[in-house]
Amino acid sequence: MIHNYVRTVTSLLFFVTMINVQLSAQDEDVAMIQQLHETILKNGSCYSTLHTLCTSHPGRIAGSPNYLGAAEYTRNILSKIPSVKAKLQECKANHWVRGDVEDVLILNDKGELERMEALSLGNSVSTNGAGLMAEVIEVHSLDEVDKLGEAISGKIVFFNRPMDPTKIKTFNAYGGAVDQRVYGASRVAKYGGVAALVRSMTTRLDNYPHTGVTIYEDSLAKVPGFALSTFDAERLSAAIKKGPVKVFVNTNCRSEGMKSAPNVIGEIIGSEYPNEIIVIGGHLDSWDVGQGAHDDGAGCVQAIEVLQAFNRLGYRPKRTIRCVLFSNEENGLEGGKTYAKEANKNKEFHIAALESDSGGFSPRGFSFEADTSVFKSYYKSVSKWLPLLESYGLQFEMGGSGADIGPLKSQKGLLIGLRPDSQRYFDFHHTTIDTIDNVNQRELELGAGAMASLIYLIDKYGLK
Ligand SMILES: [Zn+2]
């Protein structure tokens, strides 16, 4: 009897101790996540870093002097954090230049040319020294161009399918419309069209054109492409409804060949598992118009802030935490490709990579993706942490992560995207108004807090 009693008490004590250990681990996590948020909200420097990045190094298109200045500036910021080793990783990217001529003019019914608000699409070719005037045909899809075929020969094709306003997540609306901007110019060239005009990728009606990449098929001729502001897209469409409309386009934009556009890397070597790497990052390049504040200066300074916050709290990570500011996301993805190639060559394993490239707005959660062979078990692991993050307004979902970390997918680590509120992102995306005054300091910092919290949990527990 006594023997049994002792055994019962012993196992009961063991059970109570286990609960205590579990409770204290959870308490420790609650406290750490709170401290990470507090230090970022009270002592964080991501907003002031973003301010300097935007005002001293705006329009950071890869290969430009402003890009190189931004790379040196952020490398220097990272190198000043104790325990961080910072460096530039060489990378080359095609340097596209907008030039100083950019006209899209509509011929009105009095025979006068009136300016419309437009921007050449990124990587567009020029109009070869002289402008061109042609009749405009309005379409709403690439398929419609295929159906029209030779009927568009000699014409300017105007793609006017708006982003779907009924999609609650604006990235889905963007995904549903952006094929016109990316492939429109090449599709037009296939049937002898002379230029493409594309309605800007935004749900808003305003006068700001949104640039963005256009991709040419090598086998086809190249014709210039322009984004029109949504106001002018409406105006052009209304004019076409009344009768034939001619538009004059002129641009001297050009590619200047491959130039240096390094990635910026800062890392803290892990104390227990230095060979397990966790990447946090954004892309340092931006379009040449505006300051690249939301896209994607915000993601870069948030990633830097994670290292700053760990340092301020004296948190020594078990795994290697590497902040990577990628180059050339906007018009070639050379930064992401170069980083993954070097990592594979050096046999580095990335347990996880987290990218913030959806704007510096209030964080709403994270989306997760991975190779199908490992995804389920990773998602089960991270789902256990959701109760720790829900009180910060964060949710988890399955879905895409970030373009720059995509090339790491073959390593079978977990890829994560920060998901901020998306309602205002496409007010600013790729425009002259993507500037620091349109970034809210507190929302930016909360995003950094969310990232730091998740990285802390992955570092502490791994993904078992
Ligand atoms: Zn971006």
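Thresholds, definitions, all that
- Residues numbered from 1 in each chain as written.
- Predicted model: local features only at pLDDT ≥ 70, side-chain atom pairs only at ≥ 80, totals over all residues.
- Heavy atoms only, no water.
- Phe/Tyr/Trp six-rings, centres within 6.5 Å; stacked < 30°, edge-to-face > 60°.
- Helix = DSSP H or I, 4+ residues; strand = E, 2+ residues; numbered from the N terminus.
- Expected span 1.5 Å × (residues − 1).
- Buried < 20%, exposed > 50% of the residue type's maximum accessible area, 1.4 Å probe, protein only.
- Polar contact = N/O pair within 3.5 Å; in protein donor to acceptor, adjacent residues only side chain to side chain.
- Donors = N, O, S within 2.8 Å, 3.2 Å for Na, K, Ca; no water.
- Tetrahedral: all angles 85-135°; square planar, octahedral: opposite > 155°, others 65-115°.
- Core = buried A, V, L, I, M, F, W, Y, C linked by side-chain atoms within 4.5 Å.
- Contact = heavy atoms within 4.5 Å.

Chemist: Help me understand the packing of aromatic side chains, please; the structure alone is not making it clear to me.
Modeler: In this description, a pair of aromatic rings is defined by centroid distance and the angle of the planes. Tallied over the entire structure, the rule returns 15 aromatic pairs. An aromatic cluster of three or more residues is present, and its members are Phe 171, Tyr 174, Phe 361, Tyr 425 and Phe 426.

Chemist: Would you explain helix 13 (residues 441–461) in this entry?
Modeler: The periodicity of an α-helix, 3.6 residues per turn, causes residues three or four positions apart to be oriented the same way. An ideal rise of 1.5 Å per residue puts 30 Å on 21 residues; helix 13 measures up with 31 Å between its terminal C-alpha atoms. Counting buried residues in helix 13 gives 17 out of 21 residues, a clear majority hidden from the surface. With a side-chain oxygen positioned 3.0 Å from the backbone nitrogen of Arg 442, the residue opening helix 13 is Asn 440. Once helix 13 ends, the next one or two residues include Gly 462, with phi positive near 70 degrees.

Chemist: What should I look at first to understand the coordination of the zinc ion in this one?
Modeler: By definition of the ideal shapes, four donors in a tetrahedron about a metal sit 109.5 degrees apart, and six donors in an octahedron sit 90 or 180 degrees apart. Binding of the zinc ion to the protein goes through His 283 (NE2), Asp 295 (OD), Asp 357 (OD) and Asp 357 (OD), at separations of 1.9 to 2.8 Å. Each of the four donor atoms around the zinc ion contributes to a set of angles spanning 50 to 148 degrees, which defines the coordination as irregular. For the zinc ion, the single-chain donor residues occur in sequence as H-x11-D-x61-D. Taken as a pair, His 283 in strand 13 (residues 273–283) and Asp 357 in the loop between strand 15 (349–355) and strand 16 (363–369) lie far apart in primary sequence, 74 residues in all. Residue His 283 shares its accessibility class with Asp 357, and that shared class is buried.

Chemist: For this particular structure, what's the right way to read the nonpolar core?
Modeler: As a rule of thumb, nonpolar side chains are buried together in soluble globular proteins. Counting residues in each nonpolar core, the largest one holds 72 residues, and the members touching the most others are Phe 366 and Phe 368. Ignoring anything within four residues of it in the chain, the contact list for Phe 366 reads Leu 354, Leu 394, Gln 395, Phe 396, Glu 397, Ile 416, Gly 417, Leu 418, Arg 419, Ala 450, Met 451 and Leu 454. Leu 142, Tyr 174, Ala 177 and Val 188 belong to the second largest nonpolar core, which has 29 residues in total.

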